[in-house]
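Residues per chain are reported as follows:
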Amino acid sequence: MITMDRIVREGHPVLREVAKEVALPPSNEDLAVLKEMHEYLTNSQDQAIAEKYDLRPGSGLAAPQIGVAKRMFAIHTTDEKDQLHSYGFINPKIVSHSVEETSLENGEGCLSVDRPVEGLVPRHARITLDAHTLDGEHIRMRFRGYIAIVIQHEMDHLNGIMFYDRIEEYDGPHKRPLPI
Ligand SMILES: O=C(O)C[C@@H](Cc1ccccc1)[C@H](O)SCc1ccccc1
Ligand code: NI
């Protein structure tokens, strides 16, 4: 089971790498890592388990955050309509997005960042995502709202981008210019 000591913190180079595509069909090892990442999210949202193992709650987790520079992330959270979104995505790709942007009004956090960082993080309001799933399917799904934000936050982790890189007025530590 993944606990916080497995989660890489800002400053570690793996968080600034562009993660590599996962060979398809995914190996049992890749699938096991993605399942473990997904299990972290469900554990972190279970109060008893989170307290027992001192887990920070997470809605998403990307493989580079546990030191694995591969293009996969897990999502487990409910949206504004209290609908559960629970996925393991392999080689995800945002194939289209709205011009309209959105942001969480209280800004964003990150399991790899042990400090609060103020500021709005501009995100596409709606996205269309292509990915392989843990169940071996290939999906193309449209997302909007909070889930779309979480997915973009995790996609950024696969491209070595931290959420504060996107905060216009942020000039604190570790900020990097966005890749062109
Ligand atoms: O570090 C991560 O990737 C998990 C992040 C995902 C996240 C997505 C969108 C906005 C902020 C963070 C968080 O740990 S999930 C927990 C959370 C949820 C809502 C707001 C802030 C943090
Ligand atoms: Ni993060």
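Right above here is the structure, for reference.
Here we summarise the structure given alongside this text. From a predicted model like this one, the values you see are computed outputs, not experimental measurements.

### Observations concerning the packing of aromatic side chains
In step 1: Inspection of the entire model under this criterion finds 6 aromatic pairs.
In step 2: With 5.7 Å between their ring centres and 75° between their planes, Y87 and F143 make a pair best called edge-to-face. Placement of Y87 in strand β3 (residues 84-97) and of F143 in strand β7 (residues 138-144) is noted, with a sequence separation of 56 residues between them.
In step 3: Overall, Y87 belongs to the buried group, its relative accessible area being 17%.
In step 4: Between F89 and F143, the aromatic rings sit 6.5 Å apart at their centres with planes inclined by 65°, giving edge-to-face as the arrangement. Within this pair, whereas F89 is found in strand β3, its partner F143 is found in strand β7, the two being separated by 54 residues in sequence. Of the two residues, F89 and F143, neither departs from the other in class, the shared state being buried.
In step 5: Here the aromatic residues F73, Y87, F89 and F143 are joined through ring pairs into a cluster of three or more.
In step 6: The ring of Y164 carries the charged tip of R115 above its face, separated from the ring centre by 5.2 Å.

### Things to note about the site of ligand 1
In step 1: Near ligand 1, the surroundings consist of 16 residues, among which S59, G60, Q65, L111 and E154 are the closest.
In step 2: Here an oxygen atom of ligand 1 and a side-chain polar atom of Q65 are 3.0 Å apart.
In step 3: Taking E154, its side chain carries an N or O atom lying 2.8 Å from an oxygen atom of ligand 1.
In step 4: Protein chains bury 83% of the 470 Å² of accessible surface belonging to ligand 1 in isolation.

Reading the values: the criteria
- Residues numbered from 1 in each chain as written.
- Chains lettered and ligands numbered in written order.
- Predicted model: local features only at pLDDT ≥ 70, side-chain atom pairs only at ≥ 80, totals over all residues.
- Heavy atoms only, no water.
- Phe/Tyr/Trp six-rings, centres within 6.5 Å; stacked < 30°, edge-to-face > 60°.
- Helix = DSSP H or I, 4+ residues; strand = E, 2+ residues; numbered from the N terminus.
- Buried < 20%, exposed > 50% of the residue type's maximum accessible area, 1.4 Å probe, protein only.
- Lys NZ or Arg CZ within 6 Å of the ring centre and 35° of its normal.
- Near = heavy atom within 4 Å.
- Polar contact = N/O pair within 3.5 Å; in protein donor to acceptor, adjacent residues only side chain to side chain.
- Areas by Shrake-Rupley, 256 points an atom, 1.4 Å probe, with all protein chains shown as cover.

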